[in-house]
Structure formats: structure tokens, C-alpha cells
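Survey of secondary and tertiary structure
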Amino acid sequence: MARRLLSSIPLLFLVSALTFVLVSLVPGDPARTIVGQHATVEQYQDVRRQLGLDEALPVQYGQWLARVFHGDLGASLFSGEAVTDVLGARLPVSLSLIIAGTLVSGVLGVALGLVSARRGGFLVKLVDGLSLVGLAVPAFWFALVLIAIGSVQLRWFPVTGYVAFADGPAQWARSLVLPVLSLSLSAVAIIAKQTRDAVLDTFGRDFIRVMEANGFSRRSVLYRHALRNAALPVVTVLGVVLVSLLAASVFVETVFAMPGLGSLTQQATVQHDIPVIQGAVLYITVLVVIVNLLVDLAYGRLDPRVRAS
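Summarised in this report is the structure supplied together with it. (Residues numbered from 1 in each chain as written. Predicted model: local features only at pLDDT ≥ 70, side-chain atom pairs only at ≥ 80, totals over all residues. Heavy atoms only, no water.)

**Regarding the overall build of the protein chain**
Note the cut-off: Helix and strand assignments come from DSSP, with helices taken as H or I runs of at least 4 residues and strands as E runs of at least 2, each series counted from the N terminus. Buried residues are those whose accessible area, probed at 1.4 Å on protein chains only, stays under 20% of the maximum for their type, while exposed residues exceed 50% and partly exposed ones sit between those limits. Only heavy atoms enter the contact rule, under which two residues are in contact if any of them lie within 4.5 Å. Surface accessibility follows the Shrake-Rupley procedure with a 1.4 Å probe radius. Residue values consider only the protein chains on display as shielding.
On a plain count of helices and strands, the protein chain comes out with 13 helices and zero strands. Here the C-alpha coordinates of the protein chain stretch approximately 85 × 55 × 35 Å along the principal axes. A total of 309 residues make up the protein chain; the buried ones form 39% of that total. Long-range contacts, defined here as pairs at least 24 residues apart, represent 72% of the contacts in the protein chain between residues at least 6 apart. Taken as a whole, the protein chain presents about 16,800 Å² of accessible surface, with 66% of it coming from carbon and sulfur.

**What about the packing of helix α6 (residues 122-136) against helix α8 (residues 169-203)?**
Test applied: With axes taken as lines fitted to C-alpha atoms, and helix axes fitted only over the stretch in contact, angles between N-to-C directions fall between 0 and 180 degrees. For classification purposes, angles smaller than 35 degrees are called roughly parallel, those larger than 145 roughly antiparallel, those between 65 and 115 roughly perpendicular, and all remaining angles oblique. The sense of a crossing depends on the near helix, which, turned anticlockwise from the far helix by less than a right angle, makes the crossing left-handed and, turned clockwise, makes it right-handed. In this classification, Asp, Glu, Lys and Arg are treated as charged, Ala, Val, Leu, Ile, Met, Phe, Trp, Tyr, Cys and Pro as nonpolar, and every other residue, Gly included, as polar.
Where α6 meets α8, the axes come as close as 8 Å, and the angle between the chain directions of the two elements is 140°. Judged by the angle between their axes, α6 and α8 are oblique. As for the relative orientation of α6 and α8, their crossing is left-handed in sense. In this structure, α6 uses Val-124, Val-127, Asp-128, Leu-130, Ser-131, Gly-134 and Leu-135 to contact α8, whose residues at the interface are Leu-185, Ser-186, Ala-189, Ile-190, Ala-192, Lys-193 and Arg-196. Split into classes, the residues belonging to the contact of α6 with α8 amount to eight nonpolar, three polar and three charged.

**As for the pattern of salt bridges**
Side chains that carry opposite charge are capable of pairing whenever their charged atoms lie near each other. Definition in use: Here, a salt bridge means any Lys or Arg side-chain nitrogen found within 4 Å of an Asp or Glu carboxyl oxygen.
Considering all chains together, one arrives at two salt bridges under this definition. One salt bridge in this structure joins Arg-49 and Asp-46, with 2.2 Å as the shortest N-O distance. With Arg-49 and Asp-46 both in helix α3 (residues 41-51) and three residues apart, this pair spans about one turn of that helix. A relative accessible area of 48% means that Arg-49 is categorised as partly exposed. Its salt-bridge partner being Arg-196, residue Asp-197 comes within 2.9 Å of it at the nearest N-O pair.

**Considerations on the packing of aromatic side chains**
Using the following cut-off: For Phe, Tyr and Trp, rings pair up if their centres lie within 6.5 Å, where Trp contributes its six-membered ring, and each pair is then called stacked (planes under 30 degrees apart), edge-to-face (over 60) or tilted (otherwise).
Within the structure shown, the criterion is met by four aromatic pairs. On the numbers, 6.0 Å between centres and 25° between planes, the contact of Tyr-61 with Trp-64 is stacked. Of this pair, Tyr-61 and Trp-64 both sit in helix α4 (residues 57-69), separated by three residues, roughly a single helical turn. Assessed through its relative accessible area of 15%, Tyr-61 is described here as buried. By relative accessible area, which is 3% here, Trp-64 ends up buried. Ring centres of Phe-165 and Trp-172 lie 5.2 Å apart, and the angle between their planes is 85°; on these two criteria the pair is classed as edge-to-face. Judged by relative accessible area, which is 22%, Trp-172 ranks as partly exposed. Taken together, the aromatic side chains of Phe-20, Tyr-61 and Trp-64 make up a single cluster linked through ring pairs.

**Quick look at the side chain of Ser-16**
The following threshold applies: N or O atoms within 3.5 Å of each other form a polar contact, as long as, within protein, one can give a hydrogen and the other can take it, and as long as residues adjacent in sequence are counted only when both atoms are side-chain atoms.
Mapped onto the secondary structure, Ser-16 falls in helix α1 (residues 2-25). Polar contacts involving the side chain of Ser-16 include one to the main-chain carbonyl oxygen of Leu-12, which spans 3.0 Å. With near-sequence residues (within four places) excluded, Ser-16 lies in contact with Tyr-61, Trp-64 and Gln-278.

**Notes on the nonpolar core**
Note that soluble globular proteins tend to have their nonpolar side chains buried in a common cluster. Here is the rule we go by: The term nonpolar core refers to a set of buried residues drawn from Ala, Val, Leu, Ile, Met, Phe, Trp, Tyr and Cys, joined through side-chain atoms within 4.5 Å.
One finds Leu-97, Leu-183, Val-241, Phe-256 and Met-258 to be the most contacted residues of the largest nonpolar core, which totals 23 residues. Once you skip the residues sitting within four places of it in the chain, Leu-97 turns out to touch Leu-176, Pro-179, Val-180, Leu-183, Ser-249, Val-252, Glu-253 and Met-258. Counting residues in each nonpolar core, the second largest holds 22 residues, with Phe-20, Tyr-44, Val-86 and Leu-261 among its members.

Set out below in C-alpha cells:
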């Protein structure tokens, strides 16, 4: 674990530096946005100096990095609010959406993959069809379809918005149903297909044939032996799915007007709010590092050979 965490430090530096450079290339000027189009040149230059935008790009990055080492991510160029406070208010929304989406995708995907591996026939074709549809349909389009059916026609769920868990667990769950379903469509299909293929591949190995020849039931072989051996590629896919949900949440949060990190990053990019963008990217990178670490730990738990390597 220590080795993995230490190897992630260069990644954090690289991602933050690359983000800083890419944001500087995006058209737009936060100082001009703040002062307006009718401000004088002197007013415009004063705002640039106050924001530190008149410094060279490496100097700006160095100043930001120095603040980060002191636990200060700076303040929003527009609201003046501390970036840590802004991100702290948005983080629970994104975590609720992403964790719930991963759980739903994992449970439904693994269950559908196991059933199709055991039964075969029509279910195999169904999983392949769902995989194709899940990869082809954009999450934001599926979100609009869910809103039209679940909110407008049936009126079972709210159209937009987010309710905090502390304000009511039932309302919190209702506000997450449609966003989670829109995120989970492609993930369920991918996990189901990976689970089915991994289980069928495991069933083709010699030790499974030996167990079946010695009278072990197919159900016992599947759940007690084959599933654990097939779990490694499934865990890998789950990690990839969780990271991909971070990207998809940008569109889903925008469609459902959810105040999460995704919508915040999109808004900050439009406004050229560099401190907020840098802070959001840093948070997301840390989440990716944590996910990769959890996947590695799951590998060691499922396969002792990984721990010994």
C-alpha cells in the first residue's frame, strides 16, 4: 500500500501541471469576465494583478503548488469562496451518485452475467445485445428518456435536484434513482458480459472438469470455486467502471441539475475559474488513486499469488 501511494505522488504533480497548462489554452479571460466589456484598460490590468494572472504560467503554478502544500487550494476567482469549502459542499453529491451507480452496476451486472453463464441460450444473446446498446447510448440521452418517462409521465421521481441524506433518506434515495439508472446502463452491460465470459472461461479449465467428474454439482462449482477464479477480471472492470462514472457524471449532473463535482467543473471551465478547476481535478485524481488502490487490495484478497509477487 505504501509503495502504491508513493508512486501516485508523481501522478498528482503531472495531472495538476497538465491541467494548469490546458486551462491556460482554453479561450477566455476571467479578469475580462469580472470587469465586463466596458471597463477601462487600467481596471482590467488591476484585476489581472489582483488575481495574479499577470505572472508567467510557471510562476502561477508554483504559487498554487506552494499553497497546496499548506493545505490551501485558494479561492474562487468569481465568488471569492475558499475552494475547499466549494468542493466540500459538492463532493457528497458526486460520491453518492458514483458509489450508488457502481453498486447498482456491480450487483445487476454480476447477477445477469452469472445467470447467462448458467442458462446460456437466449440470455447470452440478451447480454450481447445489452452490451451493444449500453455502449452506443450516451448517458445524457438516456437520462432525458428517464426524465420523460419516470418524472413527466409517471411522476414517480423528481425531475431535477438533489436532496441531502440528512434532510430525508427517502427523498435522498428518490433523487438518486434516475441519475443512477442513467449512469448504470452501459456499466451493467459491460460487467454482465465480462462476468459471463470470465465464468465460461473458468468452466473450461481442467480443475473444473475434474470437480464435475467427481460428482460436484454445477451450482456448487460455480459459486464456491469458479466465481472466485473469475472474479479478477470482473474486479478490474468494476474499477474501470467507477472511474468512467466520474467522467459520465459531468453530463448526468448537468442534466439533472445536481450540485456535484462534475457540474462544478463544467461551470468553472466555462468561467475560466482556475483555482476551482485545479481543486476539482486534484480531488478527482485522488479518487482515481483510491479506486486503483482498492482494486489492488481486492486482487490480493482474491488471489494470494498477487500478494506474493
